[in-house]
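A closer look at the structure
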2 protein chains.
Amino acid sequence: MSDIQLQPLKGFRQLYPEKKVIQSYVLNKAREVARLFGFEEYDGPLLEPIELYLNKSSRELVEEQSFKVNDKNNNTYLMRPEMTPTLARMVAAKYKELILPIRYFNAGLRYRYEAPQKGRDREFYQMDFDIIGSKSEISDIEILAIVATLFKSLGANKDNFVLYLNSRKILAKKLAEIGISSDQNKLVMSQVDRKEKISADEFEKLLIETNITNDQVKGVNRLLNDTKGYREEFKSILDLAKQYEIDDLIEVNPTVVRGLDYYTGIVFEAKSKGKLNRSLMGGGRYDNLVASYGATEAIGGVGFALSDSVALAFMEEFGLLPQLNPVPSQALVTMLDASATNIALKTAFRLRSSGINSEVYPDSSAKLDKQLRYADKKQIPIVVIIGPDEVKNNTITVKYMNERKQETLSVEELIQKLKK
Amino acid sequence: MSDIQLQPLKGFRQLYPEKKVIQSYVLNKAREVARLFGFEEYDGPLLEPIELYLNKSSRELVEEQSFKVNDKNNNTYLMRPEMTPTLARMVAAKYKELILPIRYFNAGLRYRYEAPQKGRDREFYQMDFDIIGSKSEISDIEILAIVATLFKSLGANKDNFVLYLNSRKILAKKLAEIGISSDQNKLVMSQVDRKEKISADEFEKLLIETNITNDQVKGVNRLLNDTKGYREEFKSILDLAKQYEIDDLIEVNPTVVRGLDYYTGIVFEAKSKGKLNRSLMGGGRYDNLVASYGATEAIGGVGFALSDSVALAFMEEFGLLPQLNPVPSQALVTMLDASATNIALKTAFRLRSSGINSEVYPDSSAKLDKQLRYADKKQIPIVVIIGPDEVKNNTITVKYMNERKQETLSVEELIQKLKK
């Protein structure tokens, strides 16, 4: 047997309980926030036909950054790199029966064939929140409020992250005002998307390559630097943000355009104020996506997704990860010798029947010391000891591990104590 | 856009909330039982190298019943068809640091490239329970007790299912007693595995093909029909079963041998007493598996897995599926016109800040009737109505949908009422 099998695939997850319990904590926080905002949980298939993503997600995501599977008829499927196309298809298939607008939540596995790095795995959970069936700005602000509430529920505040807000519609309008045609618009936007990662000179060079005039290049630069004037356009949504007390988290940022091709209105991302120099999550409005899967009406949608990988890396940096013991046991039932086995099992049965999480030490020949060490290492607070005396007297000896004391009583008495 | 994209892949899941909520109910029941028995949750990668399964799982499972993925270096991976090999590898990699015995639980996606049928999907969740690091019969009975507790927690009882118990070790011993060599043993067992699905004549024919003598064929038949004598061998574990009050669920059945190659001791499966003519779940003891991934000691293990697909089909047959509304909202905040928007949002903010699950109707131009119909269809019990009067008086009108009554009060008064 080669050693390589002792390692999981690069960028894939192997979570022992002490890690899994923290991941579950994050996913459950997201689930709680979803419920707080009235979101229902749904699920979709992990394999999807490659056609589902073509002309919707970015070309790079589909062609280079996805794991592919062929069926026996040689059709190609992707291990889903994102969830929104699946959801849009589900809505398109049933929108006449659904009670619109829907508020849907999913926390599920996603796959990206990218180079793993801090906060980015090839296998991760993504928490998706979407409102579909409404084109209203109220839906936009609801989604932004969820982002803020989720980060706050994970312990973060405005010292840790900023919520960059933009609108493709507004940016497009502003570009049109300086004479950039709708054809060139998309090209210019994809250069704007890179601006933060390159120098001013490089950015200018890229703009010139989109075949806009020198005046227009200057216009684009002026537009992107005049955040105050640009921010005016967001007045109504920023007013709504005040009602949710999240206006101090939001910064209008004209360079945020997000990579996915389906966004039509607001786009936004959270950015860490720490060393993790990555977008923490992203989202936006996609008013034409559901129709593109066959709905006969244009059904508005807005949503975002956050990966557990980046959330965990972010929380780690700011010391927000909780200390959690994955061990659920309140009591460990031990036996001094084999003669105690039946009573030990009966005791565990009665504890569990009363809803008390319990385990039985499975080796009756193990010395009591070893059994106690096991409880100690796992931080199980109560050890029930059963030996010949206890069997004879129909009692149990209860050792309280944190208090270094013990007492002899009946099982029912212990249950009463623990249920208080 | 072709219609085919409106359908998920055959045998794959597309769960709208009314189905997802029932699946979550089942998975959460399993999680509760896991905690009750002191099990910790872990997770592993969904893609695994094909070598992980070779010579461990059945050849059919690996070669024909799995979805395969190639990486860019043309290595082949399987979308995990089962979890036990992953767990065994994880334990082998770290058994010197782990606090043994471990009690581990996982509920995750598995993939089988089989023909879908009632209770069998290509994509499903499997709930795995394993105790590793103990060769004791107490671990065996703990695992059987979990199976029973889980089925009971889902509402099933001995009228709905039976727990078939066997032991490969005991069957092998009995076969040796009638002169069947250890070489022939495995062949004979794999025929025994088929016995239930074929006629007595066909079974005899298959036995003869394993090259055992006519006398031995008769011996095998005698052995498999003499359940009373065979049951004697299970006396000690059946005694332990009495302590957990599960002895009435267990039936010793010498023909149950389970398909996976790694089982070494007890094997068992649950069988529906209804029309669903399928094994509901299976498991057994695998004492050599961890060592086969590189542990230098033989580390005992025992466990089982249950799929949500079969559990849901079983529960459906016996009317055990609960009626659950996936909508978490306690309150819907509506607005009579756009002037009420800010106050409506502020109201939703205050409700949510008090932990009251709430949604906002996102379209201020929608007639109140439409907004109330939305609440009614989704069975949201409380509608908060905000119009010009409420804005002026700093009040809210609360409509109780089930009682057909309404009252006007302050937000804080509503919160106090709901938090009681």
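Residues numbered from 1 in each chain as written. Chains lettered and ligands numbered in written order. Predicted model: local features only at pLDDT ≥ 70, side-chain atom pairs only at ≥ 80, totals over all residues. Heavy atoms only, no water.

1. Quick word on the UniProt feature "binding site: L-histidine" (unreviewed entry) in chain A
Residues and elements named next belong to chain A. The sites that UniProt annotates as "binding site: L-histidine" (unreviewed entry) are Glu-82, Met-83, Thr-84, Arg-112, Gln-126, Asp-130, Arg-258, Tyr-262 and Tyr-263. Along the chain, Asp-130 falls in strand E6 (residues 123–132). Its relative accessible area of 2% is what places Asp-130 among the buried residues. In this structure, Tyr-263 sits in the loop between strand E8 (250–252) and strand E9 (266–272). The exposure class of Tyr-263 is buried, given its relative accessible area of 9%. Not counting residues within four places of it along the chain, the set of residues in contact with Tyr-263 comprises Arg-168, Arg-258, Gly-283, Gly-284, Arg-285 and Tyr-286. (UniProt positions renumbered as here; feature names shortened; annotations may be inferred. Helix = DSSP H or I, 4+ residues; strand = E, 2+ residues; numbered from the N terminus. Buried < 20%, exposed > 50% of the residue type's maximum accessible area, 1.4 Å probe, protein only. Contact = heavy atoms within 4.5 Å.)

2. Some points on the UniProt feature "domain: Aminoacyl-transfer RNA synthetases class-II family profile" (unreviewed entry) in chain A
When the UniProt feature table is mapped onto this chain numbering, "domain: Aminoacyl-transfer RNA synthetases class-II family profile" (unreviewed entry) sits at residues 22–322 of chain A. For the annotated span residues 22–322 of chain A, helix accounts for 40% and strand for 21% of the residues, and the straight-line distance between the end C-alpha atoms is 7 Å.

3. Observations concerning the pattern of salt bridges
Applying the stated rule across the entire model yields 52 salt bridges over all chains. Salt-bridge contacts for Arg-258 of chain A lead to Glu-269 of chain A; the nearest nitrogen and oxygen are separated by 2.7 Å. Residue Arg-258 of chain A is found in the loop between E8 and E9, and its partner Glu-269 of chain A is found in strand E9; the two are separated by eleven residues along the sequence. Since its relative accessible area comes to 23%, Arg-258 of chain A is described here as partly exposed. Residues joined by salt bridges that share partners form a network here, namely Glu-40, Arg-103 and Glu-142 of chain A together with Arg-352, Glu-359 and Lys-378 of chain B. (Salt bridge = Lys/Arg side-chain N within 4 Å of Asp/Glu carboxyl O.)

4. Brief notes about the relation of the copies chain B and chain A
Note that the two copies of the chain are related through a rotation about an axis and a translation along the same axis. Placing chain B over chain A gives an RMSD of 0.0 Å and needs a rotation angle of 180 degrees, together with 0.0 Å of translation along the axis. Classification of the inter-copy transformation places it as that of a two-fold axis. Measuring from the rotation axis to each C-alpha of chain B, the shortest distance belongs to Val-69 of chain B, at 2.6 Å. Most of the interface of chain B is mirrored in chain A, where 100% of its interface residues again form contacts. (Least-squares fit on C-alpha atoms with pLDDT ≥ 70 in both.)

5. Concerning the packing of aromatic side chains
Scanning the model with the defined rule gives 28 aromatic pairs over all chains in all. An angle of 65 degrees between the planes, with centres 5.8 Å apart, marks the rings of Phe-39 of chain B and Phe-129 of chain B as edge-to-face. Here Phe-39 of chain B is found in the loop between helix H1 (17–36) and strand E1 (40–41), whereas its partner Phe-129 of chain B is found in strand E6 (residues 123–132), with 90 residues between them in sequence. By the burial criterion, Phe-39 of chain B is buried, and Phe-129 of chain B matches it. Feature note: the residues Phe-12, Phe-67, Tyr-111 and Tyr-113 of chain A constitute an aromatic cluster, connected by ring pairs. The cationic tip of Lys-72 of chain A hangs over the ring face of Tyr-113 of chain B; the distance from NZ or CZ to the ring centre is 4.0 Å. For the cation-ring pair, Lys-405 of chain A lies above Tyr-400 of chain A, with the distance from its terminal atom to the ring centre recorded as 5.5 Å. (Phe/Tyr/Trp six-rings, centres within 6.5 Å; stacked < 30°, edge-to-face > 60°. Lys NZ or Arg CZ within 6 Å of the ring centre and 35° of its normal.)

6. A closer look at the environment of Leu-224 of chain A
Position of Leu-224 of chain A among the secondary structure elements: in helix H8 (residues 214–225). The contact partners of Leu-224 of chain A, leaving out residues within four places of it in the chain, are Leu-171, Val-192, Lys-195, Phe-203, Pro-254 and Thr-255 of chain A.

7. Section: the interface of chain B and chain A
Contact with chain B, which involves 92 residues of that partner, is made by 93 residues of chain A. Roughly 8,300 Å² is buried in total at the junction of chain B and chain A, and carbon and sulfur atoms are behind 61% of that figure. Here chain B is connected to chain A by twelve salt bridges. Put simply, Lys-346 of chain A and Glu-245 of chain B hold a salt bridge, and the shortest N to O gap is 3.5 Å. Inspection of the chain B/chain A interface yields 26 residue pairs in polar contact (both at pLDDT 80 or more). With seven residues, helix H13 (residues 341–353) of chain B is the single largest residue contributor to the side of chain B that touches chain A. Grouping the amino acids of the side of chain B that touches chain A by side-chain chemistry returns 49 nonpolar, 18 polar and 25 charged. (Buried area = accessible area lost by both parts, 1.4 Å probe. Polar contact = N/O pair within 3.5 Å; in protein donor to acceptor, adjacent residues only side chain to side chain. Nonpolar A, V, L, I, M, F, W, Y, C, P; charged D, E, K, R; others polar.)

8. A short note on unusual backbone geometry
A cis amide bond, omega -5 degrees, links Leu-100 of chain A with the succeeding residue Pro-101 of chain A. Note on placement: Pro-101 of chain A falls in the loop between helix H3 (84–94) and strand E5 (102–111). In this model, Asn-74 of chain A sits at a positive phi of 65 degrees, which is unusual for a non-glycine residue. Here Asn-74 of chain A shows up in the loop between strand E3 (68–70) and strand E4 (76–79). For Asn-211 of chain B, which is not glycine, the phi torsion reads 70 degrees and is therefore positive. Mapped onto the elements of the fold, Asn-211 of chain B is located in the loop between helix H7 (200–209) and helix H8 (214–225).

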